[in-house]
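# Analysis of the macromolecular model
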Amino acid sequence: TQAMHGFLAAGGYRGTLADYLKARAALALALGAGLWLLNPLGWVNLAIGALLVIAGSYVVGLRAIRKRARIMEAEFPAALDIMVRGIRTGMPLIDSMRVVATEAHPVLAREFQVLIDELALGVRFTDAMHRMVPRVPIPDIEFFAVVMGLQADAGGAVADTLDAAAETIRSRRE
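Residues numbered from 1 in each chain as written. Predicted model: local features only at pLDDT ≥ 70, side-chain atom pairs only at ≥ 80, totals over all residues. Heavy atoms only, no water.

Take the overall build of the protein chain next. Within the protein chain, the regular secondary structure consists of eight helices and zero strands. For the protein chain, the α and β elements follow one another from N to C terminus as α-α-α-α-α-α-α-α. In summary, the protein chain has a C-alpha radius of gyration of 21 Å against a globular reference of 16 Å for 174 residues, an excess of more than 25%. Counting over 174 residues, the protein chain shows a buried share of 38%. Of the roughly 9800 Å² that the protein chain leaves accessible, carbon and sulfur atoms contribute 64%. For the protein chain, the centre of its 18 positive side-chain charges and the centre of its 17 negative side-chain charges are spaced 9 Å apart. (Helix = DSSP H or I, 4+ residues; strand = E, 2+ residues; numbered from the N terminus. Rg over C-alpha atoms; globule rule 2.2 N^0.38 Å. Buried < 20%, exposed > 50% of the residue type's maximum accessible area, 1.4 Å probe, protein only. Areas by Shrake-Rupley, 256 points an atom, 1.4 Å probe, with all protein chains shown as cover. Lys, Arg positive; Asp, Glu negative; His and termini not counted. Charge placed at Lys NZ, Arg CZ, Asp CG, Glu CD.)

Structure follows, in structure tokens:
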């Protein structure tokens, strides 16, 4: 079930696993019943319907993950730049993240809003950063989480650290 949660989170699904499975079961039953009307093979139609729903859900999920990954890869360095500019003007890191949550592309903004909400609920900064990794299907977020975790432990100039992280991410793409 952990792998399924990760798959759904990476695809941007925000509901519960139980709701997802119930909806897919209902769809499989409806498809199986429809196939039964076309060709009365009995339970075979329900099995075919279930297999079609499973395969279709997997393909749709993979497409959603790839689409989100492309958007996030394109937008993430700009989000880091927004945070760097905010911090250099004297804004706290969390407020800079709030700006990203309101100004960035909606796909990336939503993930930063979840991060901010977790911090508001009292989740430790490093834990909230590491919880973001499975929801965002790009390696840059994992790098960002590690860098920010080290920054939180060691201290220092956050703006310089984020700026260096943005440059590293950009240079890896070239």
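Moving on, we come to the packing of helix 1 (residues 2-10) against helix 2 (residues 17-38). Two numbers describe how helix 1 lies on helix 2: the axes approach to 11 Å, and their chain directions differ by 85°. By the criterion of interaxial angle, the relationship of helix 1 to helix 2 is roughly perpendicular. Where helix 1 abuts helix 2, its residues Met4, His5 and Leu8 lie against Leu17, Tyr20 and Leu21. Among the residues forming the contact of helix 1 with helix 2, the class breakdown is five nonpolar, one polar and no charged. (Axes fitted to C-alpha atoms, helices over the stretch in contact; angles between N-to-C directions. Parallel < 35°, antiparallel > 145°, perpendicular 65-115°, else oblique. Contact = heavy atoms within 4.5 Å. Nonpolar A, V, L, I, M, F, W, Y, C, P; charged D, E, K, R; others polar.)

Looking at where Phe76 falls in the secondary structure, it is placed in helix 3 (residues 43-88). Exposure remark for Phe76: the relative accessible area of 0% places this residue in the buried category. Considering only alpha carbons, one finds Phe76 and Ala166, 90 residues apart in sequence, at a separation of 8.4 Å. Residue contacts for Phe76: discarding those within four places in its chain leaves Leu108, Phe112, Ile138, Asp140, Ile141, Phe144 and Ile169.

Looking now at the nonpolar core. Residues Phe76, Leu80, Met97, Phe112, Phe144 and Leu162 are the most contacted members of the largest nonpolar core, which totals 36 residues. Those elements that place two or more of their residues in this core are helix 3, helix 4 (93-103), helix 5 (106-120), helix 6 (125-135), helix 7 (139-154) and helix 8 (158-173). Take this core: its biggest share by element is nine residues, from helix 3. By size, the runner-up hydrophobic cluster in this structure holds six residues, among which are Leu8, Leu17, Tyr20 and Ile65. (Core = buried A, V, L, I, M, F, W, Y, C linked by side-chain atoms within 4.5 Å.)

Counted under the stated rule, the structure contains nine salt bridges. In this structure, Asp95 engages Arg98 in a salt bridge whose closest nitrogen and oxygen atoms are separated by 2.7 Å. Note that Asp95 and Arg98 are positioned in helix 4 at a spacing of three residues, about one turn of the helix. The exposure class of Asp95 is partly exposed, given its relative accessible area of 31%. As a salt-bridge pair, Glu111 and Arg135 come within 2.7 Å of each other at their nearest N and O atoms. (Salt bridge = Lys/Arg side-chain N within 4 Å of Asp/Glu carboxyl O.)

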